[in-house]
Structures are given as C-alpha cells and as structure tokens.
Amino acid sequence: MRALCWEGVDQLAVRQVPDPELRNAHDMIVRVRRSATCGADLPLLAGRVPGLAAGDVLGHEFLGEVAEVGPAVRRHRVGDRVVVCATVACGHCWYCRQGLHSCCDNGAAPGTVGEAAWGQPTGGCYGRPRTTGGFAGSHAEYVRVPYADVGAFTVPDPVSDDRAVFASDAAPAGWMGAELGAVRPGDVVAVWGAGAVGQLTAQAATALGADRVIVIDRYPERLRMAERHTGAETLHYEHTDVPAELRERSGGRGPDVCVEAVGVADGGGRPASLADRFTGRGGPAEDPLAVREAVHACRKGGTVFVSGTFTGFVDAFPLGAVMNKGLTLRSARQHGQRWIPMLLDRMARDELRTEHLATHRFDLDQGPAGYALFRDRADGCVRTVFTPHG
Ligand SMILES: NC(=O)c1ccc[n+]([C@@H]2O[C@H](COP(=O)([O-])OP(=O)(O)OC[C@H]3O[C@@H](n4cnc5c(N)ncnc54)[C@H](O)[C@@H]3O)[C@@H](O)[C@H]2O)c1
Ligand SMILES: [Zn+2]
Ligand SMILES: [Zn+2]
C-alpha cells in the first residue's frame, strides 16, 4: 500500500510499504477515508523528537471503514464507518479503568525510551516514535488498529467524515483542556493557540459554561475563524501585552483557567543537536513560551492546563509563580476513549461543528506539499486532510 513516510529532517515521501496485518485477536484493519495533520507532527517533521526513524509512517487522526476484524472484536463489523482515537489503550488496565487512557500500561511496551525518559511507560499513539508504542501512522491506505473495541467508535450516520475525523484527537484534546482544566460556569478562560486544538478548547469551555473565552495567536485568519465558530474573543499576541489585557478582561484578577494549546510547533525547522537527542531533550526549541505566559497571566489559585506536546525537558520553568500563586498545573495526552462517544453525540446533534477546521484536502500522493502548507500555516491552513482513496 501507499503511505506517507518521514525520511529525515523536513523530508517526507510517499512510499510503497507492506499492507498491515492482524497481529492479535483484538486487532482490526481500517481502510482510511480521512487522515489529518496535527501540530504534534511538526516537531516530528523537524527531527526534534528522539526515536523517529526514516521510513516511519506519520499520522494519528483518522477515520475510515473497517476492512478486516480479528476474532475477538465484538463491536465492529466489516464496512462500519469508524473514527479511531489517536491514543492507543488497552481498556482494562488500572489506568484505563480510571479513564486515564493515555497513561495505559499496555499502550507502549515496557523497556522503551518512554519508560526511561518519563519513569513509566505510557499509552500508545499512532504515527509517533517508539516512546509511544511505534504504531504505524494513518497517512496510509490502511492502518492496523489494536484494541479495536476500545479505540474505534462507529460514526453516527448524519455526521460527515470531515466533521467526525476531529473526534480522533483535536476534539477530545480540546474537551480535556476545558474539563480537566476545571472550567466552571461563569469562568474567564484564556486559550493560547488558535489551531484546531485551541479552537476546540474554546468551544468546550463555552459548552462547560465559561462566561468569557479569550483565544490568543498571531495568525489573523485563525483568530477570525475562532471568533466566527467558537464565539470567543481574540488577542493578537504580537500587538498586545497579553497578561495585561487578560487582567483587564477578567475583573483585574486574570483568567480562572488558562489552557496552553501551542507546544513547540513554532520553533522552525531546526533539528535537535546530537547533545539534545542524547540527553533526551526534544531539541533546542522545546521552549515553553506560552506555558510561561499562561502561568504569569493566570489568577491566583487558578488552573493552568498544558495541552501542547512536550517530550523532553524545558528550561526556565516558573515554578516559583506556580507555588506562590497557588496554581494547579495539569497536563495530559488526551484520554479520548472517555469523551469520543459524547463528542460524536454532540456532532450528530449539530452542537459541535468541526468541518471548517479541515481547510485543505489532498490526495496522499501530495503528502509532502500538504504538510508544507500546514507547517507554514500558508493559505489559511488549519488542518490538511488526506484522502488516501481519492
Ligand atoms: N494533549 C493532547 O492530547 C494533544 C492532542 C493534539 C494536539 N496536541 C498538541 O496541542 C498543540 C496544538 O495543536 P494544533 O494541532 O492546534 O497545533 P497548530 O500547530 O495547528 O497550532 C498551534 C498554534 O499556536 C500558535 N502559537 C505559537 N506560539 C504561540 C504563543 N506564544 N502564544 C499563542 N499562540 C501561539 C501558533 O501560531 C499556532 O496557530 C500542539 O502542541 C499539539 O502537539 C496535544
Ligand atoms: Zn493530533
Ligand atoms: Zn490500559
């Protein structure tokens, strides 16, 4: 089959790779109809995440039709239209039973770099390095889906592919930021980043009763989109003293909840130095600029939720502000298995609309061009969506 492979720093190529096969009874094979780019792919592209190898297939946000099921799969039949959670989790370990699916004990094998770097192995993810299981990505014609009954969800008929594909990662990540960020009715919520994750965090904060939601970015078309589709207010961070403006809009205190949905995506295309890779640092640009600003801006006693992806170490983290302001600091990769059924229901009821985020559609053969557009945020691109079967 054809798949979009990482070949080296800022190099992608469409290659013929072996078709995926069922490896155990709970697996299924999905024929991909939509596979979306994500901000989490950009540090991979730039070679800043240790463990990615030339030839690895990228992509973790996807939807398709069931092509083949293992003998132990109960919830899915060949031909079903399913969206697959980007997080790979077993569904039965202690963490999964707590709803902490991205912390699953059986997502990434013990003894991996993830365990060495983070103290414990975590749940898996498609299209990422071995630290998170090394599952082949979704920018391909077919994908093997392990723990299929746990990670794949039938898409209700009225929900379009372009809407439902966001239930794979960006919508659960957005919901998580608002829910685990403890947004309460009447809150003022600030969201750094107007990509798909930031915009869906803003929508979730409103759904949870936030009084004011303020989204911060520097791309006018993303800010306009956030205003139009989420009802949020926006700030252009290059033209604004962000903490001062946030204080002004929150009764002089600062936002109750600050969600960082940026990560390290904007560090440019510089590869990690050998020293950075050796020490497990994500690279020279793993700079938590927006996390620092969120900690600074948040009201005393408020919550900062970090949705942005970090893999290694950061410098100059303002722990003193966290401590002295009595902040709650939380973070996670999304536990989508916990929220996807609810998000699909909302999509079916037209309460959650996401298709406008799929700004550009490409055939898989145009993978490198589709990624360049997304990476450069060119032509108003928020998400490139690949259609491997036309
Ligand atoms: N926690 C999770 O499970 C999860 C899931 C999906 C994505 N993510 C992460 O969430 C982040 C956002 O994802 P995305 O797909 O929306 O990414 P994206 O790259 O499309 O958007 C990031 C946005 O942040 C903006 N930004 C950069 N620096 C900023 C700053 N200092 N202040 C405010 N905005 C700034 C950029 O201009 C860009 O619009 C990424 O780090 C991604 O890896 C996490
Ligand atoms: Zn993603
Ligand atoms: Zn588990």
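Residues numbered from 1 in each chain as written. Chains lettered and ligands numbered in written order. Predicted model: local features only at pLDDT ≥ 70, side-chain atom pairs only at ≥ 80, totals over all residues. Heavy atoms only, no water.

Looking at an unreviewed UniProt entry, the chain carries the name Threonine dehydrogenase, with the source organism given as Micromonospora matsumotoense. As its UniProt record puts it under Cofactor (unreviewed entry), the chain is described as follows: "Zn(2+)". (UniProt positions renumbered as here; feature names shortened; annotations may be inferred.)

Draft legend 1. Broad picture of the nonpolar core. Among the nonpolar cores identified, the biggest contains 49 residues, and Val-83, Val-189, Val-213 and Leu-344 are the most heavily contacted of them. Of all the secondary-structure elements, those providing two or more residues to this core are helix 6 (170-180), strand 10 (188-192), helix 7 (196-207), strand 11 (212-217), helix 8 (220-230), strand 13 (257-260) and helix 13 (340-348). When residues of this core are sorted by domain, at least three fall in each of domain 1 (2-169 + 335-386) and domain 2 (170-331). Non-local contacts of Leu-344, meaning those with residues more than four positions away in its chain, are made with Val-83, Phe-153, Thr-154, Pro-156, Val-159, Ala-164 and Ala-167. By size, the runner-up hydrophobic cluster in this structure holds 19 residues, among which are Ala-190, Ala-290, Val-304 and Val-306. (Core = buried A, V, L, I, M, F, W, Y, C linked by side-chain atoms within 4.5 Å. Buried < 20%, exposed > 50% of the residue type's maximum accessible area, 1.4 Å probe, protein only. Helix = DSSP H or I, 4+ residues; strand = E, 2+ residues; numbered from the N terminus. Domains from an automatic or database assignment. Contact = heavy atoms within 4.5 Å.)

Draft legend 2. Representation of the sheet that holds strand 11 within the structure. Across the sheet, which stays open at both edges, the six strands sit in the order 12-11-10-13-14-15 with parallel pairing between neighbours. A strand with exactly one partner marks an edge of an open sheet, and here the two such strands are strand 12 (233-236) and strand 15 (328-331). Neighbouring strand axes in the sheet, compared pairwise and without regard to direction, differ in orientation by 20 degrees on average. Note that strand 14 (residues 303-306) and strand 15 share four bridges and pair parallel. Its bridge partner lying in strand 15, Phe-305 is registered against Arg-330. (Pairing = 2+ DSSP bridges. Axes fitted to C-alpha atoms, helices over the stretch in contact; angles between N-to-C directions.)

Draft legend 3. Fine view of the pairing of strand 4 (residues 61-69). The pairing of strand 3 (residues 28-36) with strand 4 spans eight bridges and is antiparallel. Counterpart to Met-28 in the pairing with strand 4 is Val-69. Here four bridges tie strand 4 to strand 5 (residues 81-84), and the two strands are oriented antiparallel to one another. By the bridge assignment for strand 5, Leu-63 is matched with Val-83.

Draft legend 4. Examining helix 14 (residues 367-375) more closely. All buried positions along helix 14 are accounted for by Gly-367, Gly-370, Tyr-371, Leu-373 and Phe-374. End-on view of helix 14: buried residues confined to an arc of 160 degrees, all on one side of the axis. Against the buried residues of helix 14 lie strand 1 (2-8), strand 2 (11-16), helix 1 (41-45), helix 8, strand 16 (360-362) and strand 17 (384-386). Residue Arg-377 follows helix 14 closely and has a positive phi angle near 50 degrees. (Arc of directions from axis to C-beta.)

Draft legend 5. How the structure looks around the coordination of the zinc ion (ligand 2). Looking at the zinc ion (ligand 2), the protein donor atoms are Cys-38 (SG), His-60 (NE2), Glu-61 (OE) and Asp-169 (OD), and they sit 1.9 to 2.3 Å from it. Donor residues binding the zinc ion (ligand 2) come from one chain and are separated in sequence as C-x21-H-E-x107-D. Judged on exposure class, the residue His-60 and its partner Glu-61 are both buried. (Donors = N, O, S within 2.8 Å, 3.2 Å for Na, K, Ca; no water.)

Draft legend 6. Just the site of ligand 1, in detail. Around ligand 1, 31 residues are found, and the nearest of them are Asp-217, Arg-222, Thr-309, Gln-334 and Arg-383. Ala-196 places a polar main-chain atom, nitrogen or oxygen, 3.2 Å from an oxygen atom of ligand 1. Contact distances for ligand 1 include 2.9 Å between a nitrogen atom and a backbone N or O atom of Ala-332. Protein chains bury 96% of the 870 Å² of accessible surface belonging to ligand 1 in isolation. Secondary-structure elements contributing two or more residues to the shell around ligand 1 are helix 6, helix 7 and strand 11. Class assignment of the residues belonging to the shell around ligand 1 gives a composition of 16 nonpolar, eight polar and seven charged. Composition of the shell around ligand 1 by domain shows at least three residues from each of domain 1 (2-169 + 335-386) and domain 2 (170-331). (Near = heavy atom within 4 Å. Polar contact = N/O pair within 3.5 Å; in protein donor to acceptor, adjacent residues only side chain to side chain. Areas by Shrake-Rupley, 256 points an atom, 1.4 Å probe, with all protein chains shown as cover. Nonpolar A, V, L, I, M, F, W, Y, C, P; charged D, E, K, R; others polar.)

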